[in-house]
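Secondary and tertiary structure notes
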Amino acid sequence: MAYKTIQLQKETSTALVTIDRPNKLNALNKETIEELEDVFKGLQKDKKIKAIILTGSGEKAFVAGADISEFSDYSVKDGKKLAAKGQKKLFDFIENLSKPVIAAINGFALGGGLELAMACHFRVASDNAKMGLPEVSLGLIPGYGGTQRLPQLVGKGRAMEMIMTAGMITAEQAYAYGLVNHVTTQEELIPLCHKIISKISNNSSVAISYAIKAVNAGFKNTVNGYEQEIEAFGACFGTEDFTEGTTAFLEKRKASFPGS
Ligand code: COA
């Protein structure tokens, strides 16, 4: 199948998946989410593929979030559906894939972009990368698992601060937080992922798939947290703050929240 927003390259036993909407900083619109679902389903079934690298097109962004321009007419119900469908069909699917998935964060990884990177098994960043969950600046909360996976990776206090301030951290800070495992130059980013994969590929892929299952099982007690996130994400779409936050972004001005 030919994809409009994704490039898929297979090199021996590794697949490189590139989200390809550079003019929109690779923001995740409906089509991109659907195409990613299809790509990852195919890679899970592809017996020749042993590892996957996920990255963004261009030099500026991994993924700058969910596509805010699609949110304007969303209701509470639509918001809940978006989070529930996205979490189950894509983000949880990637997390539970039986072969290693590495996020190569080559620039901005914001909102849904950071959530996508966090759904991967681990992350490597280029030194220009910036990461954050800016949703509350739009009158929203993270809806693709971010309220659950960020505290798992960086600890509750750091996650709370990142979510509440809506700020961005640098690649070095993300390394110090344990959010990314390595930081390198942009040129070296994909080669470094390949080097790590070549080490992984010396090992039993069956054992690796069991290890992924076992590690993920340790975090299953957060299932209710994901449900809570879906409810709360949906509820945001019924607020005046959400309307103001997203309209202000699209009009390129600072939001003035009526609820504040
Ligand atoms: N949804 C939709 N479009 C987005 C987007 C998003 N999440 N992030 C970036 N874009 C678009 C911009 O609207 C712009 O489109 P245009 O050229 O048609 O106007 C294009 O991508 C380039 O972005 P721009 O804002 O001009 O780049 P910048 O270098 O000035 O700023 C960011 C980069 C990442 C700081 C800024 O784009 C941003 O804040 N994006 C939104 C991040 C966010 O809140 N994500 C969470 C969503 S839930």
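What comes next is a walk through the structure. Bear in mind that the values here come from a model prediction, so they are computed numbers and not experimental data.

Turning our attention to the sheet that holds strand S2 (residues 14-19). The strands making up a sheet are joined through hydrogen bonds of the backbone, oriented either antiparallel or parallel. The 6 strands are arranged S1-S2-S3-S5-S7-S10 in an open sheet whose pairing can be described as mixed. Every other strand in the sheet has two partners, leaving strand S1 (6-11) and strand S10 (182-184) as the edge strands with one partner each. Neighbour to neighbour, the strand axes of the sheet diverge by 20° on average, direction disregarded. By the bridge criterion, 3 bridges tie strand S7 (residues 122-126) to S10 in an arrangement that is parallel. Paired with Ala125 across the strands is Val183, a residue of S10. Here helix H1 (residues 30-45) sits on the sheet and contacts S1, S2, strand S3 (51-56) and strand S5 (101-105); the angle it forms with S1, its principal contact strand, is near 15°.

All right, on to empty space enclosed by the protein then. Going through the model one piece at a time under the given rule, you end up with 1 cavity of 30 Å³ or more. Put simply, the largest cavity is a space of about 40 Å³. Surrounding the largest cavity, Leu28, Asn29, Lys30, Ile33, Ala66, Asp67, Glu70, Phe71, Leu82 and Tyr144 form its lining. Of the residues assigned to the lining of the largest cavity, the class counts are 6 nonpolar, 1 polar and 3 charged.

A few words on the site of the ligand. Around the ligand there are 17 residues in total, and Lys24, Lys60, Ala66, Ile68 and Lys252 lie nearest to it. Side-chain polar atom of Lys24 to an oxygen atom of the ligand: 2.5 Å apart, as the coordinates give it. Within the complex, 70% of the 870 Å² of free accessible area of the ligand lies under protein. When atom positions are compared with the pocket grids, the ligand is found to occupy the largest pocket. Across the shell around the ligand, the residue classes break down as 11 nonpolar, 1 polar and 5 charged.

Our focus in this paragraph is the pattern of salt bridges. In the structure shown here, the tally under the stated rule is 9 salt bridges. For Lys4, the salt bridge goes to Glu31, with nearest N and O atoms at 3.6 Å. Here the residue Lys4 occupies a position in the segment before S1, and Glu31 occupies one in helix H1, the gap between them amounting to 27 residues. In this structure, Asp67 engages Arg21 in a salt bridge whose closest nitrogen and oxygen atoms are separated by 3.0 Å. Placement of the pair is Asp67 in the loop between strand S4 (61-63) and helix H2 (76-95) and Arg21 in the loop between S2 and H1, with a sequence separation of 46 residues. The burial state of Asp67 is the same as that of Arg21; both residues are buried. In the salt-bridge network here, residues are joined through shared partners; they are Asp92, Glu95 and Arg149.

How each quantity is defined
Residues take numbers from 1 onward in each chain, read along the sequence in its written order. Where totals are concerned, whole chains, interfaces and linings use all residues; where local detail is concerned, this predicted model gives features only for residues with pLDDT of at least 70, and gives and counts side-chain atom pairs only at 80 or more. Values reported for side chains reflect all heavy atoms of the structure, with hydrogen atoms and water molecules removed beforehand. Criterion used throughout: strands pair if DSSP finds at least two bridges between them. Numbering of helices and strands runs from the N terminus, with a helix taken as a DSSP run of H or I at least four residues long and a strand as a DSSP run of E at least two residues long. To define axes, lines are fitted to C-alpha atoms, for helices over the stretch in contact only, and angles between the resulting N-to-C directions are given on a 0 to 180 degree scale. When checking whether two residues touch, look at their non-hydrogen atoms; a contact exists if any pair is within 4.5 Å. Residues are said to line a cavity or pocket when one of their atoms sits within 4 Å of a point; the points come from a 1 Å grid over protein atoms alone, cavities being sets where a 1.4 Å probe fits but cannot get out and pockets being open sets with protein on both sides within 12 Å along at least five of seven lines. Grid points are joined across faces, edges and corners, and a volume is the space filled by probe spheres set on the points. Gly falls in the polar group here, along with every residue not listed as nonpolar (Ala, Val, Leu, Ile, Met, Phe, Trp, Tyr, Cys, Pro) or charged (Asp, Glu, Lys, Arg). Proximity is defined per residue: if any heavy atom of the residue lies within 4 Å of a molecule or strand, that residue is considered near it. Any N or O atom pair separated by 3.5 Å or less is treated as a polar contact, with the protein-specific requirement of one donor-capable and one acceptor-capable atom, and with residues adjacent in sequence counted only for side-chain atom pairs. Computed with a 1.4 Å probe, the accessible areas rest on the Shrake-Rupley method; for each residue, only the protein chains presented here act as cover. What decides whether a molecule sits in a cavity or pocket is whether more than half of its atoms lie within 2 Å of the grid points. A side-chain nitrogen of Lys or Arg and a carboxyl oxygen of Asp or Glu constitute a salt bridge if their distance falls within 4 Å. Burial classes follow relative accessibility: with a 1.4 Å probe on protein chains only, a residue under 20% of its type's maximum area counts as buried, one over 50% as exposed, and anything between as partly exposed.

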